[in-house]
There are 2 protein chains.
Amino acid sequence: MCNAHVAQTVRERINNEGLPSVSRRSFLKMGSILTAGAALAPQVTRADMPERSLVDLTHAFTTDFPVFPGGPQAERETLVTVEENGYYIQRRNFAEHTGTHMDFPGHFIADGLRTDTYPVEMLMGPAVVIDISARAEDDADTMVTVDDLKSWEMENGEIPEGAFVMMYSGWEHLIGTQAFLGDDSGLHFPGFSGEASQWLVEERSIHGIGVDTLSIDHGPSATFDTHFIILGAGLLGIENVANLSAIMDSQATIICGIPRYEEGSGGPARILALAGM
Amino acid sequence: MCNAHVAQTVRERINNEGLPSVSRRSFLKMGSILTAGAALAPQVTRADMPERSLVDLTHAFTTDFPVFPGGPQAERETLVTVEENGYYIQRRNFAEHTGTHMDFPGHFIADGLRTDTYPVEMLMGPAVVIDISARAEDDADTMVTVDDLKSWEMENGEIPEGAFVMMYSGWEHLIGTQAFLGDDSGLHFPGFSGEASQWLVEERSIHGIGVDTLSIDHGPSATFDTHFIILGAGLLGIENVANLSAIMDSQATIICGIPRYEEGSGGPARILALAGM
């Protein structure tokens, strides 16, 4: 909806008639939606499917969300407003690897699949959350190891077919501080070790890995082993994932809601977890 | 992943060592993924969940996808490439209502909820597909009517709580032709009638509506009744939806994978259907 005719029509309509009549029931419903929005509950169960709920694993895609040093911050611009034009639209401008986003094989591999042609069934799979938050408190450079994966399996059984293996380091609580990226000595944040990535690729049959930090490789990495191994195997990476502690102790299915960016190396996405399945 | 250090490291690594070793099993797996991607099968069943599958209802987000007249085409620019820099990233630049995208209440309503604060549980709901494709073949301006909704209910039972009611007009087959938008006399494509929208808002309890055309109002609309009624009720619109015929005769759940665009009026999204639930 974006042309002069629309703007004029909408403006006239609001001036002359006000909003069209909407039933009292609808406005009451809207009230309850606004209330729910204000509470920002991460997990709400629908009355008609009590055993399932959507959990949001996605940060708001803001212009001040931290990016890899040297990369551009996301930008946005208001094109039209309800007050001036009768409807509201923004223009957005960003590099693909910003905010809660995905890495596709083509990000590192010349002939790797890109966002628009990647098979859709790979975008869903069981969530496996590896909690290294206690270790990360003392060591910003810590990594998910093969032992961490084996420990998870001792407690939960084998990592299931098609899984998204997610690192929870607790790092999201540092967003807005310098420590999210590191310190004056360089980048410091947790990630997957190359050995753990290799083990997942060789010994299990996963769809991808995810982290609550800026990169699937840890901050000090100079060789980007995990990027090469995961993307080189045709699998997916998810970075800056939010709210993983909410699904740590429950069965959940990850769903990667990424627009089909033309020839995309990846890009901003809505990462959701369907809890209870 | 976007700075000069990364580029240099990755370039050196490829030059000196080639790709890190990935097991034969992984490369075989990658082969099967590439094959699956080439086939672009809209619906693939995972071996371990035979009763469920993801169906992609999303067009590729291309720079030549038709937009509302007067609106800007989406743009993209390659920032770095695997060949030159060791990794590949694009910059994207677009107005929010482009491609397969969503309308949030704030698009038309001054204090309406926007993309970043809208309650996540509203992004999922049962699919209801209203097929008006036979009528649309003869009448580009046709609309989903209250009678269409009641006819659907006669065959399928009451529109379920939280549904996304989707219009299938067959219009996606016109993408790339002038007829997708209309003709020299103006905009002509199907949409929802204001009466049908009002009935859904007052008589049922839906999460939103969707269309396989450019707008939830039909082309000739001068008053945008459906936008005002649906968004005014705090509900969601989805435009340029693809592939709805694939879920017309089966039970499916719509999942709206929209990035949490800061103060977004809506924006490009991955619209998915979970068939079999």
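Bear in mind that the values here come from a model prediction, so they are computed numbers and not experimental data. (Residues numbered from 1 in each chain as written. Chains lettered and ligands numbered in written order. Predicted model: local features only at pLDDT ≥ 70, side-chain atom pairs only at ≥ 80, totals over all residues. Heavy atoms only, no water.)

**Remarks on unusual backbone geometry**
Link 1 in the chain: A positive phi angle, close to 60°, is found at asparagine 240 of chain A, a residue other than glycine.
Link 2 in the chain: With respect to the element layout, asparagine 240 of chain A can be found in the loop between strand 13 (236-239) and strand 14 (252-257).
Link 3 in the chain: Even without being a glycine, phenylalanine 224 of chain B presents a positive backbone phi close to 55°.
Link 4 in the chain: Within the secondary structure layout, phenylalanine 224 of chain B lies in the loop between strand 12 (208-211) and helix 7 (225-232). (Helix = DSSP H or I, 4+ residues; strand = E, 2+ residues; numbered from the N terminus.)

**Focus: the pattern of salt bridges**
Link 1 in the chain: All chains considered together, the criterion is met by 16 salt bridges over all chains.
Link 2 in the chain: Ionic pairing is found between arginine 76 of chain B and glutamate 262 of chain A, a salt bridge with its closest N-O pair at 3.1 Å. Linking arginine 76 of chain B in strand 3 (residues 75-80) with glutamate 262 of chain A in the loop between strand 14 and strand 15 (266-268), this pair reaches from one chain into another.
Link 3 in the chain: For arginine 76 of chain B, a relative accessible area of 28% corresponds to the partly exposed category.
Link 4 in the chain: Judged by its relative accessible area of 14%, glutamate 262 of chain A falls in the buried class.
Link 5 in the chain: If you follow the salt bridges from partner to partner, you end up with Arg76 of chain A together with Arg114, Glu262 and Glu263 of chain B in one network. (Salt bridge = Lys/Arg side-chain N within 4 Å of Asp/Glu carboxyl O. Buried < 20%, exposed > 50% of the residue type's maximum accessible area, 1.4 Å probe, protein only.)

**Description of the pairing of strand 2 (residues 53-56) of chain A**
Residue and element names in this part refer to chain A.
Link 1 in the chain: Here strand 2 shows two buried faces, one formed by Ser53 and Val55 and the other by Leu54 and Asp56.
Link 2 in the chain: Here strand 2 runs beside strand 16 (residues 270-275); their pairing, made up of 4 bridges, is antiparallel. Considered in strand 16, the bridge of leucine 54 is made with leucine 274. (Pairing = 2+ DSSP bridges.)

**Here's the deal with the nonpolar core**
Side chains that are nonpolar tend, in soluble globular proteins, to be buried together.
Link 1 in the chain: Counting residues in each nonpolar core, the largest one holds 140 residues, and the members touching the most others are Val165 of chain A together with Val165 of chain B.
Link 2 in the chain: Once you skip the residues sitting within four places of it in the chain, valine 165 of chain B turns out to touch Val128, Ile130, Leu149, Ile159, Phe192, Leu200, Ile206, Gly208, Ile209 and Gly210 of chain B.
Link 3 in the chain: Within the second largest apolar cluster, 8 residues are counted, among which are Phe68, Leu181, Leu187 and Phe189 of chain A. (Core = buried A, V, L, I, M, F, W, Y, C linked by side-chain atoms within 4.5 Å. Contact = heavy atoms within 4.5 Å.)

**What to know about the packing of helix 6 (residues 194-203) of chain B against helix 7 of chain B**
Residue and element names in this part refer to chain B.
Link 1 in the chain: Close contact between helix 6 and helix 7 brings their axes to 8 Å; oriented N to C, the two are set at 10°. Relative to helix 7, the element helix 6 lies roughly parallel. Of the residues in helix 7, those touching helix 6 at Gly194, Ser197, Gln198 and Val201 are Asp225, Thr226, Ile229 and Ile230.
Link 2 in the chain: Class assignment of the residues belonging to the contact of helix 6 with helix 7 gives a composition of 3 nonpolar, 4 polar and 1 charged. (Axes fitted to C-alpha atoms, helices over the stretch in contact; angles between N-to-C directions. Parallel < 35°, antiparallel > 145°, perpendicular 65-115°, else oblique. Nonpolar A, V, L, I, M, F, W, Y, C, P; charged D, E, K, R; others polar.)

**Focus: helix 6 of chain B**
Because an α-helix packs 3.6 residues into every turn, residues spaced three or four apart end up facing the same way.
Link 1 in the chain: Most of helix 6 of chain B sits out of view: 7 of its 10 residues are buried.
Link 2 in the chain: All of the buried residues in helix 6 of chain B are Gly194, Ala196, Ser197, Gln198, Trp199, Leu200 and Val201 of chain B.

**Thoughts on helix 7 of chain B**
Residue and element names in this part refer to chain B.
Link 1 in the chain: The element helix 7 is largely enclosed, with a buried count of 7 among its 8 residues.
Link 2 in the chain: Among all positions in helix 7, only Thr226, His227, Phe228, Ile229, Ile230, Leu231 and Gly232 are buried.
Link 3 in the chain: With its phi angle positive at about 80°, glycine 234 sits one or two positions after the end of helix 7.

**A few points about the layout of surface pockets**
All names here are of chain B.
Link 1 in the chain: Taken as a whole, the second largest pocket spans an internal volume of roughly 500 Å³.
Link 2 in the chain: As for the second largest pocket, its lining consists of 26 residues, of which Ala127, Val128, Val129, Trp152 and Asn156 are closest to the centre.
Link 3 in the chain: Only strand 6 (124-131), helix 5 (146-156) and strand 14 (252-257) provide two or more residues apiece to the lining of the second largest pocket.
Link 4 in the chain: In terms of residues, the lining of the second largest pocket owes the most to one element, strand 6, which gives 6 residues.
Link 5 in the chain: The class makeup of the residues in the lining of the second largest pocket is 13 nonpolar, 6 polar and 7 charged. (1 Å grid on protein atoms, 1.4 Å probe; cavity = no way out; pocket = protein on both sides within 12 Å on 5 of 7 lines; lining within 4 Å. Points joined across faces, edges and corners; volume = space filled by probe spheres on them.)

**Remarks on the packing of aromatic side chains**
Link 1 in the chain: Under the defined criterion, the tally for this structure stands at 15 aromatic pairs over all chains.
Link 2 in the chain: Taking 5.1 Å as the distance between ring centres and 80° as the angle between the ring planes, the aromatic pair formed by phenylalanine 108 of chain A and phenylalanine 228 of chain A counts as edge-to-face. Taken together, the residues span a long stretch of sequence, with phenylalanine 108 of chain A in the loop between strand 5 (101-103) and strand 6 (124-131) and phenylalanine 228 of chain A in helix 7 (residues 225-232) at a distance of 120 residues. The two residues phenylalanine 108 of chain A and phenylalanine 228 of chain A agree in class, both being buried.
Link 3 in the chain: Their ring planes at 55° and their centres at 6.4 Å tell us that phenylalanine 108 of chain B and phenylalanine 224 of chain B sit as a pair that is tilted. (Phe/Tyr/Trp six-rings, centres within 6.5 Å; stacked < 30°, edge-to-face > 60°.)

**Considering the confidence of the model for chain A**
Link 1 in the chain: Across chain A, the average pLDDT comes to 87, with 82% of residues at 70 or higher.
Link 2 in the chain: This complex was scored by the predictor with a pTM of 0.86 and an ipTM of 0.86. (pLDDT = per-residue confidence, 0-100.)

**Focus on the sheet that holds strand 4 (residues 89-95) of chain A**
Link 1 in the chain: Ordered by their spatial adjacency, 4 strands build an open sheet running 3(A)-4(A)-4(B)-3(B), and the pairing between neighbours is antiparallel. The strands lining the two open edges of the sheet, one partner per strand, are strand 3 (75-80) of chain A together with strand 3 of chain B. This sheet shows a mean twist of 15° between the axes of neighbouring strands, independent of strand direction.
Link 2 in the chain: Bridge count for strand 4 of chain A against strand 4 (residues 89-95) of chain B is 5 bridges, and the pairing is antiparallel.

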